[in-house]
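Letter by letter, the chains look like this.
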Amino acid sequence: MAWIAEVHESAADGRLKECYERIIKALGRMIPFYRVFTPSPRLLGAHLDFYGALGGPGVLSKLRREYIATAVSAENGCAHCTQLHGGFLRALGADPALVHGLATDPGAVRLAPADRAIVDYALKLTRAPRAMTRADVEALRGHGCSDAEVFEVAFTTAYFNYTNRVAEGLGVEPEPE
């Protein structure tokens with residue numbers, strides 16, 4: 001239970017109910033993060049549209065997006081998002097030891113060189129955005145990333161920093177295992 005009032009999906013109506021139905025259709029269940037949007041169904045709808053665009057077809061693979069989501073969430077100490085996106089990684093077939101590493105020490109987990117560069121970029125952007133330089137982008141290019149992929153790495157990193165801050169700022173707890 002978060003630190004603000006939430007409406008359970010069984011009691012939702014109007015726009016909030018419509019949004020909850022979208023979530024349940026997409027994920028097969030309601031997750032705690034979305035209940036904190038109770039005070040603003042308008043923003044929940046906008047968030048779902050935004051998340052749909054981020055998660056839709058792009059140049060960055062779903063696996064790499066989930067590497068970023070899990071690593072950034074772990075770095076931010078967001079237990080809810082780390083658990084959720086670690087689960088998505090496992091569902092994509094990622095090695096459980098790799099998922100555990102991303103969720104506990106994302107800077108040290110062994111990854112393929114290009115994936116390591118992507119996670120390192122995401123961690124640096126998360127920790128010290130003002131310290132980013134052209135060399136950080138060039139490092140991704142040096143591992144074969146196109147400008148479109150570099151953009152999606154930065155965008156995905158920023159998105160998960162945003163969701164982590166909403167979750168942590170409102171006390172969203174992980175789902176029971």
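Note that the coordinates shown come from a computational prediction; the quantities given were computed from them, not determined experimentally. Per chain, the residues get numbers from 1 upward, laid out in the order the sequence is written. Local features in this predicted model are restricted to residues whose pLDDT is 70 or higher, and side-chain atom pairs enter the listing and the counts only when it is 80 or higher, whereas totals over whole chains, interfaces and linings include all residues. Processing note: side-chain calculations cover all non-hydrogen atoms of the structure and skip hydrogens and water entirely.

**Examining the pattern of salt bridges**
Stage number 1. What makes a salt bridge here is a side-chain nitrogen of Lys or Arg within 4 Å of a carboxyl oxygen of Asp or Glu, nothing more. Going through the model one piece at a time under the given rule, you end up with ten salt bridges.
Stage number 2. One salt bridge connects Asp-49 with Arg-22, and the closest N-O pair in it is separated by 2.9 Å. Taken as a pair, Asp-49 in helix α3 (residues 41–55) and Arg-22 in helix α1 (residues 14–27) lie far apart in primary sequence, 27 residues in all.
Stage number 3. Asp-120 serves as the salt-bridge partner of Arg-116, at 2.9 Å between the closest nitrogen and oxygen. Residue Arg-116 and its partner Asp-120 are located together in helix α7 (residues 113–127), separated by four residues, close to a single helical turn.
Stage number 4. Only protein chains enter the area calculation, which uses a 1.4 Å probe; residues under 20% of their type maximum are buried, those over 50% are exposed, and those in between are partly exposed. In this structure Arg-116 comes out as buried when scored by relative accessible area, which is 15%.
Stage number 5. Its relative accessible area of 36% is what places Asp-120 among the partly exposed residues.
Stage number 6. A cluster of three or more residues bridged by salt bridges with shared partners is formed by Glu-138, Arg-141 and Asp-147. Counting from the N terminus, the helices are the DSSP runs of H or I reaching at least four residues and the strands are the DSSP runs of E reaching at least two.

**Looking at the environment of Glu-75**
Stage number 1. One can find Glu-75 in helix α4 (residues 62–75).
Stage number 2. Considered as a pair, Glu-75 and Ala-158 are 83 residues apart in the sequence and their alpha carbons are 13 Å apart.
Stage number 3. In this description, contact between two residues means that some pair of their heavy atoms is separated by no more than 4.5 Å. Once residues lying within four places of it in the same chain are set aside, the contact partners of Glu-75 are Pro-106, Leu-123, Thr-126 and Arg-127.

**Re the packing of helix α5 (residues 79–91) against helix α9 (residues 147–169)**
Stage number 1. Axes here refer to lines fitted to C-alpha atoms; in helices the fit is confined to the stretch in contact. Angles between the N-to-C directions go from 0 to 180 degrees. Relative to each other, α5 and α9 sit at 130 degrees, their axes nearing to 8 Å. Put simply, α5 runs oblique to α9. Residues Ala-79, Cys-81 and His-85 of α5 touch α9, and the partners they reach there are Phe-160, Thr-163, Asn-164, Ala-167 and Glu-168.
Stage number 2. Amino acids outside the nonpolar list (Ala, Val, Leu, Ile, Met, Phe, Trp, Tyr, Cys, Pro) and the charged list (Asp, Glu, Lys, Arg) are all regarded as polar, and Gly is one of them. Tallied by class, the residues present in the contact of α5 with α9 amount to four nonpolar, three polar and one charged. Here is the rule for angles: anything less than 35 degrees is roughly parallel, anything more than 145 is roughly antiparallel, 65 through 115 is roughly perpendicular, and the remaining ranges are oblique.

**Focus: the packing of aromatic side chains**
Stage number 1. Note on ring pairs: Phe, Tyr and Trp rings are taken, using the six-membered ring of Trp, and paired if centres are within 6.5 Å. Classes follow the plane angle, with under 30 degrees stacked, over 60 edge-to-face and the rest tilted. For the structure on display, the rule yields eight aromatic pairs.
Stage number 2. Between Tyr-159 and Tyr-162, the aromatic rings sit 5.7 Å apart at their centres with planes inclined by 70 degrees, giving edge-to-face as the arrangement. In this pair, Tyr-159 and Tyr-162 both sit in helix α9, three residues apart, roughly one turn of the helix.
Stage number 3. Each member of the aromatic cluster is reached from another via a ring pair, and the members are Phe-50, Tyr-51, Phe-151, Phe-155, Tyr-159, Phe-160 and Tyr-162.

**Section: the state of the cysteines**
Stage number 1. In plain terms, two cysteine sulfur atoms within 2.5 Å form what is called a disulfide here. What the rule picks out here adds up to zero disulfides.
Stage number 2. Cys-19 carries a free sulfur, and the closest cysteine sulfur to it, the one in Cys-81, is 18 Å from it.
Stage number 3. Since its relative accessible area comes to 0%, Cys-19 is described here as buried.

**Remarks on α5**
Each full turn of the α-helix corresponds to 3.6 residues, which orients residues three or four apart in the same direction.
Stage number 1. Under the convention used throughout, the expected extent of a helix is 1.5 Å for every residue step, that is, one less than its residue count. Between its terminal C-alpha atoms α5 stretches 18 Å, which fits the 18 Å expected from 13 residues at 1.5 Å a residue.
Stage number 2. Looking at the buried side of α5, the elements it contacts are α2 (32–35), α3, α4, α6 (96–104) and α9.
Stage number 3. Following α5 by one or two positions, Gly-93 adopts a phi angle in the positive range, close to 95 degrees.

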